[in-house]
Amino acid sequence: MNVRDWLANLSRRERQLTYAAAGLAGVLLLYLVLVLPFQSASHRVAARLEKKTADLAYLRQAAPRLSAAKGGAAADSTESIVVLVDRTARAAGLGGALRDQSPTGQGVRLRIEGAPFDVVVAWLGTLQSQYGVAIQAAMINGVSPGVVNANLTLTRPSG
């Protein structure tokens, strides 16, 4: 027996009730398939936006403290690159290894002798990340395990 035969055998009232139930089931199915996913996605997007807004507010509040901690007066753009290199090299423990500093236009040429390789690399990374100093040229030679001599040309773009 197929569905048409089954419906034909029902009384008029039962058929109307069956059609109404099928219509309600169809509407519920459409709601579950089409509307509910968009609502939950909308709630996720709203929650994500709220979190990002809170993060932005925190970063705006923390920016002055982070800027001051990054270098304060040390990041002063009026400080000569020769002075900056000398000061940061001494702070990194390279003061005794620093030799032959000479200014070159917007940069400085220097020689480092007998310095720990790890310290030299960390110092160059700090110069680049915190002060915008770029390595224009570098020649590093190993003296003994972990100890190097280096000829460097460093520049800091003006602006």
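Here is a short report on the structure shown in this document. (Residues numbered from 1 in each chain as written. Predicted model: local features only at pLDDT ≥ 70, side-chain atom pairs only at ≥ 80, totals over all residues. Heavy atoms only, no water.)

## Observations concerning the pattern of salt bridges
Okay, step 1: Considering all chains together, one arrives at five salt bridges under this definition.
Okay, step 2: A salt bridge links Glu79 to Arg87; the shortest N-O distance between them is 3.0 Å.
Okay, step 3: For Glu79, a relative accessible area of 15% gives the class buried.
Okay, step 4: Residue classification places Arg87 among the partly exposed positions, given a relative accessible area of 31%.
Okay, step 5: A salt bridge links Arg90 to Asp86; the nearest nitrogen and oxygen atoms lie 3.2 Å apart. (Salt bridge = Lys/Arg side-chain N within 4 Å of Asp/Glu carboxyl O. Buried < 20%, exposed > 50% of the residue type's maximum accessible area, 1.4 Å probe, protein only.)

## Some points on the sheet that holds strand β4 (residues 147-155)
Okay, step 1: Strand order in the open sheet made by the four strands is β1-β2-β4-β3, with antiparallel pairing throughout. Every other strand in the sheet has two partners, leaving β1 (98-104) and β3 (134-144) as the edge strands with one partner each. Neighbouring strand axes in the sheet, compared pairwise and without regard to direction, differ in orientation by 10° on average.
Okay, step 2: Across eight bridges, strand β2 (residues 107-116) lies against β4 in antiparallel orientation. Across the sheet, Val108 pairs through a bridge with Leu154, a residue of β4.
Okay, step 3: Its contacts with the sheet place helix α4 (residues 117-131) against β2, β3 and β4, and it is angled at close to 150° to β2. (Pairing = 2+ DSSP bridges. Helix = DSSP H or I, 4+ residues; strand = E, 2+ residues; numbered from the N terminus. Axes fitted to C-alpha atoms, helices over the stretch in contact; angles between N-to-C directions. Contact = heavy atoms within 4.5 Å.)

## Overview of helix α3 (residues 81-91)
Okay, step 1: Buried within α3 are the following residues: Ile81, Leu84, Val85, Thr88 and Ala89. With its buried residues spanning 120° around the axis, α3 presents them on a single face.
Okay, step 2: Its buried side turned inward, α3 meets β1, β2, α4 and β4.
Okay, step 3: For α3, the N-terminal capping position is held by Ser80, with its side-chain oxygen 3.1 Å away from the main-chain nitrogen of Val82.
Okay, step 4: Positive backbone phi, approximately 90°, marks Gly93, located one or two places after α3. (Arc of directions from axis to C-beta. Polar contact = N/O pair within 3.5 Å; in protein donor to acceptor, adjacent residues only side chain to side chain.)

## Describing the nonpolar core
Okay, step 1: Within the largest apolar cluster, 21 residues are counted, with the highest numbers of intra-cluster contacts made by Leu110, Ile112, Trp123, Leu127, Leu152 and Leu154.
Okay, step 2: Sorting the residues of this core by element identifies α3, β2, α4 and β4 as the ones contributing at least two each.
Okay, step 3: Among the elements that take part in this core, α4 stands out by supplying five residues, more than any other.
Okay, step 4: When sequence neighbours within four positions are dropped, the list of residues in contact with Trp123 reads Val85, Thr88, Ala89, Ala92, Leu94, Leu110, Ile112, Leu152 and Leu154. (Core = buried A, V, L, I, M, F, W, Y, C linked by side-chain atoms within 4.5 Å.)

## As for the packing of α3 against α4
The axes of two packed helices give the description: the angle between them and the distance between them.
Okay, step 1: Across the interface, α3 lies against α4 with an axial gap of 10 Å and an inter-helix angle of 130°. The orientation of α3 relative to α4 falls into the category oblique. As for the relative orientation of α3 and α4, their crossing is right-handed in sense. Here α3 contributes Leu84, Val85, Arg87, Thr88 and Ala89 to the contact with α4, which in turn contributes Trp123, Leu127 and Tyr131.
Okay, step 2: For the contact of α3 with α4, the class distribution of residues is six nonpolar, one polar and one charged. (Parallel < 35°, antiparallel > 145°, perpendicular 65-115°, else oblique. Left-handed = near helix turned anticlockwise from the far one by under 90°. Nonpolar A, V, L, I, M, F, W, Y, C, P; charged D, E, K, R; others polar.)

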